[in-house]
Amino acid sequence: MRNLMVIFIVLVTNIVFAQGLKPGILFLDASNSGSVHEQGVTFYTKLIEQNPSDSRSLLLRSELYSAMNMTREADADRRKALEINPYSHLHAGQRDRHNFFVNRNYEYQIGNDDENKNGFRKSYLLEDEYVSLFDDQDNPAEVNYLLEDALHDISVGQFLDAEKSLSNIPEAHRENALYLDLKGVLLIESGELEKAIDMFDKAIENDPQFTIAYHNRAVANKLLGNLEAANDDFESALNQRADIAKIKFSKAKLLELKGDKEGAKIYYQNAMYSTEGYPEAKLNYSVMLKAAGEYTMALLEINELIKDYPEESEHYYVRGGLYFIYGEYLDAAKDFDTYLSLGSEDADVLFYRGLSHLMGGNELKGCSDIAHSIDEGHTEHAALYLFMCE
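Residues numbered from 1 in each chain as written. Predicted model: local features only at pLDDT ≥ 70, side-chain atom pairs only at ≥ 80, totals over all residues. Heavy atoms only, no water.

Within the structure shown, the criterion is met by 23 salt bridges. A salt bridge links R104 to E314; the shortest N-O distance between them is 3.1 Å. Separated by 210 residues along the polypeptide, R104 in the loop between α5 (94-100) and α6 (127-133) and E314 in helix α17 (residues 313-326) bring together distant segments of the chain. Exposure class is identical for R104 and E314. Each is buried. A salt bridge links K265 to E262; its shortest N-O distance comes to 3.8 Å. Here K265 and its partner E262 are both found in helix α14 (residues 261-272), 3 residues apart, which amounts to about one turn of the helix. Taken together, the salt bridges that share partners define one network made up of E63, R78 and D96. (Salt bridge = Lys/Arg side-chain N within 4 Å of Asp/Glu carboxyl O. Helix = DSSP H or I, 4+ residues; strand = E, 2+ residues; numbered from the N terminus. Buried < 20%, exposed > 50% of the residue type's maximum accessible area, 1.4 Å probe, protein only.)

Written as structure tokens, this is what we have:
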């Protein structure tokens with residue numbers, strides 16, 4: 001695989017320089033100085049003389065001036081480039097593209113939020129643990145049937161149907177911990193978080209070993225902003241069942257929210273490498289590495305994830321963003337294209353595919369995608385089209 005970390009610019013003549021430099025990529029090493037930088041400055045100066053509005057060449061010459069410790073000249077070029085085109089800074093380097101690209105924070109969906117791009121299209125429910133509970137419940141068969149029916153309806157977002165199933169359970173069986181827990185889950189889904197916590201309290205009072213209720217109460221407390229209470233509940237759940245990867249994932253999400261990035265990484269890794277595994281943990285772990293600028297490690301993790309789960313579109317969004325940051329625009333465009341081909345209609349991804357094409361030198365495809373993305377609702381960077389396409 002090509003070395004994505006550093007591209008050493010080796011110039012023999014201006015022609016070699018022009019052929020060897022990929023559009024939008026310029027990574028400078030401290031040891032790469034002297035005549036190479038001077039020839040680069042000469043090359044871009046000629047381009048700027050031919051077209052004084054060439055903001056890309058101004059930006060790249062500014063980077064060369066910076067490497068030569070010519071701060072005044074570098075600042076002047078950068079200032080002028082940004083006056084001509086505020087988006088020209090994307091040509092400068094990884095950090096500029098990193099700051100421009102929007103990371104997605106992958107969280108569970110609550111309720112029927114089909115528009116939530118950051119959701120997993122799955123709930124926070126410990127589905128496998130619920131299934132195993134029905135064999136242990138000392139309930140009549142018809143009650144277990146109604147509980148199973150309610151759980152199924154909740155898992156597919158049919159909350160009114162779930163409520164009907166629970167309402168058909170006889171009064172004598174409504175102190176059951178599982179019944180109380182499912183009532184709490186429905187209250188989470190309807191946004192009645194304090195009432196949900198009350199239900200989970202009752203479930204735990206009924207059965208102190210009911211791990212699921214601790215986890216779900218933690219979710220409710222987290223949504224309510226009671227982060228310490230949520231942390232205590234996740235710890236209680238893990239003390240009872242340290243083998244459940246999903247609880248470790250939930251704990252990692254909480255630590256992220258609290259700003260404990262290193263702690264979150266540890267719990268993501270624990271979830272990733274637990275016996276049952278949890279691919280969503282690897283996805284968020286990759287995003288964390290990417291956000292921290294650890295691009296190579298992030299790429300290794302997301303590549304493994306794509307190898308094991310090639311059908312998940314969000315994996316391509318993360319890797320496409322990494323390629324975009326690296327300046328590997330063709331690879332970025334391919335990943336965004338794969339994302340869209342998997343059936344995810346997403347104006348933001350369409351925009352990034354267009355921008356990757358544009359910065360990779362394909363103005364026709366790039367501007368077409370960007371225009372289409374604006375029509376589809378990506379208006380945040382509508383001005384970019386005016387500066388880079390018209």
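Still more to cover.
For the rest of this paragraph, the subject is the state of the cysteines. Under the defined criterion, the tally for this structure stands at 1 disulfide. Note that C367 is cross-linked by a disulfide to C389, the S-S spacing being 2.1 Å. In this structure the cystine formed by C367 and C389 twists about its S-S bond by roughly -95°; its chirality is therefore left-handed. Within this pair, whereas C367 is found in helix α20 (residues 363-375), its partner C389 is found in the segment after α21 (382-388), the two being separated by 22 residues in sequence. Overall, C389 belongs to the buried group, its relative accessible area being 16%. (Disulfide = S-S within 2.5 Å.)

Okay, the packing of aromatic side chains next. Counted under the stated rule, the structure contains 18 aromatic pairs. On the numbers, 5.7 Å between centres and 55° between planes, the contact of F249 with Y268 is tilted. Of this pair, F249 sits in helix α13 (residues 245-258) while Y268 is found in helix α14, placing the two residues 19 residues apart along the sequence. Taken together, the ring pairs in this structure connect Y87, F100, F101, Y317, F324, Y329, F336, Y339, F351, Y352 and F387 into an aromatic cluster. One cation-aromatic arrangement involves R104 over Y317; the distance from NZ or CZ to the ring centre is 4.0 Å. (Phe/Tyr/Trp six-rings, centres within 6.5 Å; stacked < 30°, edge-to-face > 60°. Lys NZ or Arg CZ within 6 Å of the ring centre and 35° of its normal.)

With that settled, the discussion passes to unusual backbone geometry. Positive phi outside glycine occurs at N69, with the angle close to 60°. With respect to the helices and strands, N69 occurs in the loop between α3 (55-67) and α4 (71-84).

Orientation of helix α11 (residues 211-224) relative to helix α12 (residues 227-240), taken along the N-to-C sense of each, is 160°, at an axis distance of 8 Å. Judged by the inter-axis angle, α11 sits roughly antiparallel to α12. Handedness of the crossing formed by α11 with α12: left-handed. Across the interface between the two elements, T211, Y214, H215, R217, A218, V219, N221 and K222 of α11 pack against L227, A229, A230, D233, F234, S236, A237 and Q240 of α12. Counted by class, the contact of α11 with α12 contains 8 nonpolar, 5 polar and 3 charged residues. (Axes fitted to C-alpha atoms, helices over the stretch in contact; angles between N-to-C directions. Parallel < 35°, antiparallel > 145°, perpendicular 65-115°, else oblique. Left-handed = near helix turned anticlockwise from the far one by under 90°. Contact = heavy atoms within 4.5 Å. Nonpolar A, V, L, I, M, F, W, Y, C, P; charged D, E, K, R; others polar.)

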